[in-house]
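Each chain is listed here by its residues.
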Amino acid sequence: MIRIRAGSPRGVRSGAVFLAVGTCTGLFLHARRTMLRELRQARAVAGAAQSALLRPLPPRIAGLDVAAAQLSADRGAAVGGDLYEVSATEHGVRLVMGDVRGHGLAALGTAAIVLGSFREAAHDEPDLDGVLRRLDRALARHRRDRDDPRRPAAEDFVTVLLMEIAEDGSLRALNCGHPWPYRLSGTAAESVSRAEPLPPLGLFPLPAALPAADLGPLRPGETLLLHTDGVADARDARGRFFPLRAVLAQTARLGPLPAPVLLRAVFTRLLGHTGPRPADDAAVLVIRNGRGDGSGTTPP
């Protein structure tokens, strides 16, 4: 400790002050560097967890061209609550798209529960209603096991869209609070259904009867585009919603596009509408029926 006695030369006092200020500045810079390093490490771990959860999809699954991407709204960690998966099973190609309430690491844990359950149930259950009930039970267990008074269990709900594409292209779906996908055929882009979906998983018990909706065929050359609320509800600086249907119709006029090209076009228009980062997590999954038309995959 440095003591300055009365009557000490002014230069000694000034030097002591500069020494104290320099010491404090050095400690502050060291603490700042440490915090930045830990933040970078946390983001790297979160990004690795997100990559393990949303595994890259193969470009072609059972004759269907596939492309998907997710953009997180969380600036603190590059993770979000959107989820998707496509699996070729003996019951047909099955896919899920969902949106966990909120975003960030808390939503990532709930998304992991739902995706893990789907990856097993999609192969085990002969009917879509069995898959949905497995997801509902897994979410219920997660809510019971989680003990976090800062986040009540009632806040853990998930919108889920389950779809099944048979060998002949016929589409069946169960929808719990999720936006219906668009079907691109020729130069048209239309929603596959206008039916009211069920409530999101986690809010209410599932009904006793769960008949899957018949959405007609996905013909060779036609494309499905699934998305989360973060796409359709994205706004620009003036509060205007992202015109997803109009964007898809404009894109469809260019002719049949490979799945990665359509995916890139949608995200390019979305970021042009919202700016560098949207206010909510956004995910898009593109499925193009390439069966029987000789189409291959196009590198993204």
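Residues numbered from 1 in each chain as written. Predicted model: local features only at pLDDT ≥ 70, side-chain atom pairs only at ≥ 80, totals over all residues. Heavy atoms only, no water.

Considerations on the pairing of strand β3 (residues 82-89)
- Within β3, seven of the eight residues are buried, which leaves it mostly tucked inside the rest of the structure.
- Count of turn residues in the β3/strand β4 (residues 92-100) antiparallel hairpin: two residues. (Buried < 20%, exposed > 50% of the residue type's maximum accessible area, 1.4 Å probe, protein only. Helix = DSSP H or I, 4+ residues; strand = E, 2+ residues; numbered from the N terminus. Pairing = 2+ DSSP bridges.)

Some remarks on the confidence of the model for the protein
- Residues of the protein with pLDDT of at least 70 account for 72%, and the chain-wide mean is 82.
- Here residues 41-46 is a poorly scored stretch, pLDDT under 50, and it has six contacts once near neighbours within four places are set aside; other chains count.
- Scored below 50 in pLDDT, residues 295-300 makes 13 contacts in the model with residues more than four places away or belonging to other chains. (pLDDT = per-residue confidence, 0-100. Contact = heavy atoms within 4.5 Å.)

Focus on the environment of R60
- Considering the arrangement of structural elements, one finds R60 in strand β1 (residues 60-61).
- With a relative accessible area of 30%, R60 lands in the partly exposed category.
- Sequence spacing of R60 and A259 is 199 residues, and the spatial spacing of their C-alpha atoms is 9.9 Å.
- Of the polar contacts made by the side chain of R60, one reaches the backbone oxygen of G290; its length is 3.2 Å. (Polar contact = N/O pair within 3.5 Å; in protein donor to acceptor, adjacent residues only side chain to side chain.)

Some thoughts on the packing of helix α5 (residues 244-252) against helix α6 (residues 259-274)
- Closest axis-to-axis distance for the α5/α6 pair is 11 Å, and the angle between their directions is 135°. When the axes of α5 and α6 are compared, the pair comes out oblique. For α5 against α6, the interelement crossing comes out right-handed. Between α5 and α6, the residues in contact are L244, V247, L248, Q250 and T251 and L262, A265, V266 and R269, respectively.
- Residues that form the contact of α5 with α6 fall into these classes: six nonpolar, two polar and one charged. (Axes fitted to C-alpha atoms, helices over the stretch in contact; angles between N-to-C directions. Parallel < 35°, antiparallel > 145°, perpendicular 65-115°, else oblique. Left-handed = near helix turned anticlockwise from the far one by under 90°. Nonpolar A, V, L, I, M, F, W, Y, C, P; charged D, E, K, R; others polar.)

Points about the nonpolar core
- Counting 47 residues, the largest nonpolar core has L162 and L285 as its most contacted members.
- Residue contributions to this core peak at seven residues, all from helix α2 (residues 105-124).
- Ignoring any residue separated from it by four or fewer positions in sequence, one finds L285 in contact with L57, V66, A67, A68, Y84, V86, L95, M97, L224, L225 and L226.
- With 21 residues, the next largest nonpolar core counts L184, L262, F267 and V286 among its residues. (Core = buried A, V, L, I, M, F, W, Y, C linked by side-chain atoms within 4.5 Å.)

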